[in-house]
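Per-entry structural report
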Amino acid sequence: MGTTLNPYLHFTDTARSALEFYRDVFGGTLNVMTFGDMGTEGPEAEKVMHGQLDTPSGFTLMASDTPEGMTRPEGAGISVSLSGDQAEELRGYYERLSGSGTVTMALEKQMWGDEFGMCTDRFGVDWLVNIAGSAT
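None of the values given here were measured: they were computed from a predicted structure.

As a further point, take the pairing of strand β7 (residues 115-120). Within a regular strand, the side chains alternate between the two sheet faces. Along β7, 5 of the 6 residues are buried, which leaves the element largely enclosed by surrounding structure. Here strand β6 (residues 102-109) runs beside β7; their pairing, made up of 5 bridges, is antiparallel. Directly across from valine 103, in β7, lies its bridge partner cysteine 119. Linking β6 back to β7 in an antiparallel pair, the connection comprises 5 residues, with glycine 113 at a positive phi of about 100 degrees. Alignment of β7 against strand β8 (residues 126-131), held across 6 bridges, turns out to be antiparallel.

Shown next as structure tokens:
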């Protein structure tokens with residue numbers, strides 16, 4: 001196995017819902033390990049210690065909930081970017097991600113020739129979508 005780079009998203013207590021939402025958006029296989037699976041009891045047991053979504057397109061998203069006693073890392077100006085030339089696939093992702101969230105820039109043709117849009121999904125994650133324009 002080679003080296004991979006992928007987003008790891010942090011939530012207070014909505015990691016499972018977020019990962020299930022992303023599975024609906026991107027498809028794929030979701031594996032979730034809870035704190036309870038590792039022996040934690042009580043209300044913390046249902047929180048996600050580690051979740052991983054592997055999609056048919058080769059994306060990997062990881063996520064976790066913040067355990068009691070720890071501070072959730074705040075987003076330090078990071079967005080998740082989707083880009084490529086699969087226009088219909090990327091438009092579908094944008095529509096599903098923004099559908100229950102907020103559009104911050106409509107997905108439309110830009111001065112550099114690509115379609116580009118930005119949104120924040122219902123879990124507060126910022127997404128950038130860029131659809132490569134045709135080379136002429």
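Once you've had a look at it, read on.
Turning our attention to the side chain of glutamate 44. Take glutamate 44: it is sitting in the loop between β2 (29-34) and β3 (48-54). Owing to a relative accessible area of 15%, glutamate 44 belongs among the buried residues under this scheme. When near neighbours in sequence (up to four residues on either side) are disregarded, glutamate 44 contacts Phe35, Thr66, Pro67 and Glu68.

Between its first and last C-alpha atoms helix α1 (residues 15-26) spans 16 Å; for 12 residues at 1.5 Å apiece the expected length is 16 Å, and the two agree. Looking one or two residues past α1, glycine 27 carries a phi angle of roughly 75 degrees, positive in sign.

Moving on, we get to the environment of glycine 133. Inspection of the secondary structure assignment puts glycine 133 in the segment after β8. Separated by 18 residues in the primary sequence, glycine 133 and glutamate 115 have C-alpha atoms spaced 6.8 Å apart. Setting aside its immediate chain neighbours within four residues, glycine 133 contacts Gly113 and Asp114.

What follows deals with the sheet that holds β8. Taken in spatial order, the 4 strands line up as β5-β8-β7-β6 in an open sheet, and their pairing is mixed. Every other strand in the sheet has two partners, leaving β5 (80-84) and β6 as the edge strands with one partner each. For this sheet the average axis-to-axis angle between neighbouring strands, irrespective of direction, equals 10 degrees.

What the rule picks out here adds up to 10 aromatic pairs. Their ring planes at 65 degrees and their centres at 5.7 Å tell us that tryptophan 112 and phenylalanine 116 sit as a pair that is edge-to-face. By relative accessible area, which is 48% here, tryptophan 112 ends up partly exposed. An aromatic cluster of at least three residues, connected via ring pairs, comprises Phe11, Phe21, Tyr22, Phe26, Phe59, Tyr93, Phe123 and Trp127.

Procedures and definitions
- Residues numbered from 1 in each chain as written.
- Predicted model: local features only at pLDDT ≥ 70, side-chain atom pairs only at ≥ 80, totals over all residues.
- Heavy atoms only, no water.
- Buried < 20%, exposed > 50% of the residue type's maximum accessible area, 1.4 Å probe, protein only.
- Helix = DSSP H or I, 4+ residues; strand = E, 2+ residues; numbered from the N terminus.
- Pairing = 2+ DSSP bridges.
- Contact = heavy atoms within 4.5 Å.
- Expected span 1.5 Å × (residues − 1).
- Axes fitted to C-alpha atoms, helices over the stretch in contact; angles between N-to-C directions.
- Phe/Tyr/Trp six-rings, centres within 6.5 Å; stacked < 30°, edge-to-face > 60°.

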